[in-house]
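What follows is the residue order along each chain.
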Amino acid sequence: MATTLLSIAALIFGYASIWFVISLIVKRNDVADIAWGLGYALICVYLANTQPLTTVPLVVYLLVCIWALRLSLHIFLRNRGKTEDFRYRQWRQEWGSSFYLRSYLQVYLLQGLFLWVIALPIVVAGVSAAVELTLFSYLGVLFWSIGFFFQAMGDYQLARFVKTRPDKEAVLQTGLWRYSRHPNYFGEILMWWGIFVITLPLPHALWGALGPVTITLLLTFVSGVPMLEKRYSGNPAYAAYQKRTSVLIPWFPKRNT
């Protein structure tokens, strides 16, 4: 497994470097968001061609590639014809003359490091050559399916709302967004825990736990929820929405007092 992890690390380094060059050509760093999902698909393709392609790894590869391709396509369509995402525009201004070096290190290579860690359950499945599906396999697929629904439907509802909202300060508070302020992030977290559950009976499974733990911490405390919540700071409608709606795990909204 160690050799496979080193090979994947080298693969990711080259992949991240290529996307950095692409960002220079198109003059926008938010292409990193498109690269995010496709990186996992690349790892699945690599493992499928270098490890025995048995039942359990195949299930994991299929689930990961479905998620990865849908997410990357969604982000591409969302960004098409628009200016660079607000997060990257802000960094472009803040980093000044060190922008290119910091972009390579803090956007592309750092993202590559997180990709490598989060992909650990995929590697655990790939090197196992496991043939028999277990109860954990079906349970993991169930978790993944619920998570996929929340992410895909949450993204769809948000995209539709953005096209029809009366003004930029309006807040989506219907559909899945009535029960969670970030249903798409909840879905992504649940999907990765589902992938991990599939691998639980396999050797090295506990190492794979680093994957879902990392994505959970990132989306909850670093790059996901905090950045978007900060964006709506000072918006009275969002402040009221925050008071009655669960931040991540879907739950019934509080009644107005």
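What counts as what
Residues numbered from 1 in each chain as written. Predicted model: local features only at pLDDT ≥ 70, side-chain atom pairs only at ≥ 80, totals over all residues. Heavy atoms only, no water. Helix = DSSP H or I, 4+ residues; strand = E, 2+ residues; numbered from the N terminus. Rg over C-alpha atoms; globule rule 2.2 N^0.38 Å. Buried < 20%, exposed > 50% of the residue type's maximum accessible area, 1.4 Å probe, protein only. 1 Å grid on protein atoms, 1.4 Å probe; cavity = no way out; pocket = protein on both sides within 12 Å on 5 of 7 lines; lining within 4 Å. Points joined across faces, edges and corners; volume = space filled by probe spheres on them. Nonpolar A, V, L, I, M, F, W, Y, C, P; charged D, E, K, R; others polar. Axes fitted to C-alpha atoms, helices over the stretch in contact; angles between N-to-C directions. Parallel < 35°, antiparallel > 145°, perpendicular 65-115°, else oblique. Left-handed = near helix turned anticlockwise from the far one by under 90°. Patch = residues over 30% accessible without salt bridge, like charges linked within 9 Å, V, L, I, M, F, W, Y side chains within 5 Å. Areas by Shrake-Rupley, 256 points an atom, 1.4 Å probe, with all protein chains shown as cover. Salt bridge = Lys/Arg side-chain N within 4 Å of Asp/Glu carboxyl O. Phe/Tyr/Trp six-rings, centres within 6.5 Å; stacked < 30°, edge-to-face > 60°. Core = buried A, V, L, I, M, F, W, Y, C linked by side-chain atoms within 4.5 Å. Contact = heavy atoms within 4.5 Å.

K.L.:
Lay out the overall build of the chain with the relevant residues and their values.
P.N.:
Check the secondary structure of the chain and you find 12 helices and 0 strands. When the helices and strands of the chain are placed in sequence order, the string is α-α-α-α-α-α-α-α-α-α-α-α. At 19 Å, the chain has a C-alpha radius of gyration in line with the 18 Å of a compact globule built from 257 residues. Summarising its shape, the C-alpha atoms of the chain cover approximately 55 × 50 × 25 Å along the three principal directions. In the chain, which comprises 257 residues, the proportion classed as buried is 47%.

K.L.:
Go over empty space enclosed by the protein with me, naming the residues and quoting the values.
P.N.:
Here the structure, examined in full by the defined rule, presents 2 cavities of 30 Å³ or more. The volume enclosed by the largest cavity comes to roughly 60 Å³. Elements that contribute at least two residues to the lining of the largest cavity include exactly α1 (2–26) and α5 (99–118). Looking at the lining of the largest cavity residue by residue, the classes come out as 7 nonpolar, 2 polar and no charged. A volume near 40 Å³ is recorded for the second largest cavity. Along the walls of the second largest cavity sit V64, W67, W144, E188, M191, W192 and I195, which together make up its complete lining. Where the lining of the second largest cavity is concerned, the elements lending two or more residues are α3 (55–79) and α8 (183–198). Broken down by element, the residue count for the lining of the second largest cavity peaks at 4 residues, all from α8.

K.L.:
Explain the packing of helix α7 (residues 135–164) against α8 to me, and be specific about the residues and the numbers.
P.N.:
Packing of α7 against α8 leaves a shortest axis separation of 7 Å and a crossing angle of 165 degrees. Of the possible angle classes, the one that applies to α7 and α8 is roughly antiparallel. Between α7 and α8 lies a crossing of left-handed hand. Of the residues belonging to the contact of α7 with α8, the class tally is 15 nonpolar, 8 polar and 2 charged.

K.L.:
Describe a nonpolar patch on the surface, listing the residues and the values that go with them.
P.N.:
On the surface, L53, L58, L62 and I66 cluster together into a nonpolar patch covering about 360 Å² of accessible area. By the secondary structure assignment, L53 is in the loop between α2 (31–50) and α3.

K.L.:
Account for unusual backbone geometry, naming residues and giving values.
P.N.:
In this model, A129 sits at a positive phi of 55 degrees, which is unusual for a non-glycine residue. Mapping A129 onto the fold places it in the loop between α6 (120–128) and α7. Given a relative accessible area of 27%, A129 falls into the partly exposed group. Backbone geometry places H204, a non-glycine residue, at a positive phi of 70 degrees. Relative accessible area serves as the criterion here: at 42%, H204 is assigned to the partly exposed category.

K.L.:
Give me the lowdown on the packing of aromatic side chains, citing residues and values where you can.
P.N.:
Aromatic rings considered in pairs are described by the distance between their centres and by the relative angle of their planes. Tallying each qualifying case throughout the model produces 19 aromatic pairs. Considering the side-chain rings of Y40 and W192, the 5.1 Å spacing of their centres and the 50 degrees angle between planes classify their relative orientation as tilted. Here Y40, found in helix α2, pairs with W192, found in helix α8; they are 152 residues apart in sequence, far enough to count as distant. Pair check on accessibility: Y40 and W192 agree, each one buried. Aromatic pair W95 and F99: ring centres 6.2 Å apart, planes at 40 degrees, arrangement tilted.

K.L.:
Go over the nonpolar core with me, naming the residues and quoting the values.
P.N.:
Core analysis: the largest hydrophobic core is formed by 60 residues, its most contacted members being Y40, V64, W67, I122 and W192. When near neighbours in sequence (up to four residues on either side) are disregarded, I122 contacts Y40, I43, C44, L47, V60, Y61, V64 and W192. Among the nonpolar cores identified, the runner-up in size contains 7 residues, and F161, V171, W177 and Y241 belong to it.

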